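Given next are the chains, with one letter for each unit.
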Amino acid sequence: MKLDLAKSDRHYYAATPEPELRTFDTYGYLTVTGSGAPGGENYTEAVRTLYRTAYAAKKIAKADGQDFVVPKLEGQWWVNSDEPPLSVPREQWQWKLMIRMPEVISAEMVSGATFERLTEGAAIHVMHIGPYATEPQTLAKMEAFMAGEGLVMNGRHHEIYLSDPRRSPDANTRTILRHPVRRA
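Residue positions are given per chain, counting from 1 as you read along its sequence in written order. Residue-level local features of this predicted model are given only where pLDDT is at least 70; pairs of side-chain atoms are given and counted only at 80 or more, and the full residue set underlies all totals for whole chains, interfaces and linings. Hydrogens and water molecules were not included; the side-chain quantities draw on all heavy atoms of the structure.

### Describing the side chain of histidine 157
- Here histidine 157 lies in strand β6 (residues 157-161).
- Between buried and exposed lies partly exposed: a residue is buried under 20% and exposed over 50% of the maximum accessible area for its type, with that area taken using a 1.4 Å probe on protein chains only. Its relative accessible area of 13% is what places histidine 157 among the buried residues.
- Side-chain atoms alone can form a polar contact between residues adjacent in sequence; in general such a contact is a pair of N or O atoms within 3.5 Å, and within protein one must be able to donate a hydrogen while the other accepts it. Among the polar contacts made by the side chain of histidine 157, one reaches the side chain of histidine 179 at a distance of 3.1 Å.
- Contacts are assigned to residue pairs with any non-hydrogen atoms lying within 4.5 Å of each other. The contact partners of histidine 157, leaving out residues within four places of it in the chain, are Gly75, Gln76, Trp77, Glu135, Leu139, Leu177, Arg178 and His179. Think of it this way: any DSSP run of H or I at least four residues long counts as a helix, any run of E at least two long counts as a strand, and we number them from the N terminus.

### Observations concerning the packing of aromatic side chains
- Between 30 and 60 degrees the pair is tilted, below 30 it is stacked and above 60 it is edge-to-face, where a pair is any two Phe, Tyr or Trp rings, Trp via its six-membered ring, whose centres lie within 6.5 Å. What the rule picks out here adds up to seven aromatic pairs.
- Aromatic pair tyrosine 43 and tryptophan 77: ring centres 6.0 Å apart, planes at 25°, arrangement stacked. Here tyrosine 43, found in helix α3 (residues 41-63), pairs with tryptophan 77, found in strand β2 (residues 73-78); they are 34 residues apart in sequence, far enough to count as distant. Exposure class is identical for tyrosine 43 and tryptophan 77. Each is buried.
- Of the aromatic side chains, those joined through ring pairs into one cluster are Tyr12, Tyr13, Phe24 and Tyr27.
- We note lysine 58 situated over the ring of phenylalanine 68; from NZ or CZ to the ring centre the distance is 5.9 Å.
- Here arginine 100 stacks its cationic end above the ring of tyrosine 12, 4.5 Å away from the centre of that ring. In our convention, an over-ring charge means Lys NZ or Arg CZ found within 6 Å of a ring centre and within 35 degrees of that ring's normal.

### Considerations on α3
- Multiplying one less than the number of residues by 1.5 Å gives the expected span of a helix. Across its 23 residues, α3 extends 33 Å between first and last C-alpha, which sits within 8% of the 33 Å expected from 1.5 Å per residue.
- Buried within α3 are the following residues: Tyr43, Ala46, Val47, Thr49, Leu50, Thr53, Ala54, Ala57, Lys58 and Ala61.
- Looking at the packing, one finds that the buried side of α3 touches β1 (20-35), β2, β3 (94-101) and β6.
- One or two residues past the end of α3 sits glycine 65, with phi positive at roughly 80°.

### Some details on the environment of glutamate 103
- Mapped onto the elements of the fold, glutamate 103 is located in the loop between β3 and β4 (114-129).
- For the pair glutamate 103 and tyrosine 29, spaced 74 residues apart in sequence, the C-alpha to C-alpha distance is 9.9 Å.

### Considering the environment of glutamate 20
- The residue glutamate 20 is located in strand β1 in this model.
- For the pair glutamate 20 and arginine 178, spaced 158 residues apart in sequence, the C-alpha separation works out to 9.7 Å.
- Leave out the neighbours within four places in its chain, and glutamate 20 touches Ala123, Ile124, His125 and Phe145.
- Side chain to side chain, glutamate 20 and arginine 22 meet in a polar contact 2.6 Å long.

### Considering the nonpolar core
- Each nonpolar core is a collection of buried residues, namely Ala, Val, Leu, Ile, Met, Phe, Trp, Tyr and Cys, held together in the definition by side-chain atoms within 4.5 Å. With 25 residues, the main nonpolar core has Leu30, Tyr43, Leu50, Leu73, Leu97, Met101 and Ile105 as its most contacted residues.
- Elements that contribute at least two residues to this core include exactly β1, α3, β2 and β3.
- Ranked by residue count, the leading element in this core is α3, at seven residues.
- Not counting residues within four places of it along the chain, the set of residues in contact with tyrosine 43 comprises Ala37, Pro38, Leu73, Trp77, Trp95, Leu97 and Tyr161.
- One finds Leu5, Tyr13, Phe24 and Ile160 within the second-largest nonpolar core, a separate group that totals 14 residues.

### Notes on the pairing of β3
- Most of β3 is tucked away: eight of the eight residues are buried.
- A two-sided burial pattern is seen for β3, the buried positions comprising Gln94, Lys96, Met98 and Arg100 on one face and Trp95, Leu97, Ile99 and Met101 on the other.
- Of the pairings in the sheet, the one linking β1 to β3 comprises eight bridges and is antiparallel in character. Bridge pairing in β3 links threonine 33 to lysine 96.
- Two strands qualify as a pair provided DSSP detects at least 2 bridges between them. Taken together, the six bridges between β2 and β3 define a ladder with antiparallel strand orientation. Directly across from tryptophan 77, in β3, lies its bridge partner tryptophan 95.

In structure tokens form, the structure reads like this:
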């Protein structure tokens, strides 16, 4: 039977439309770091590299009797500026694209992308439904929740792309937004 993290780890891959505080453990990821606009040449090549690497790791695991469904694409986003992130031109955005790997995958099984173990810890976690262009409204809800709870950002903005934007109309696109936090 194939392991499907999206089904077996609902704590990680499910969210509500209202922000909530959750704690996340350490997980292994395939990662590629770069810069530029989402959908741009660098971004598109990074996505290809990640999926090529993920399917190669899956093939190794399957041959060892530990098959799995390749998990969803994720990304951490930031800017190298003191300006509000959404005011910085998209071509200047920095990103780390990621695909979470099951525990059976190790760095020794991976080539083509970096294998990293990342710990997010406490984070505000919310489901955004709709086009990426309307994410600022969901981000504002997250900011209000953080302020009300006495929390501040403690890491990079994190997104988990549950919908394939090539197949989902914008109105139905589902993206988990996550902000690592700490007490102010």
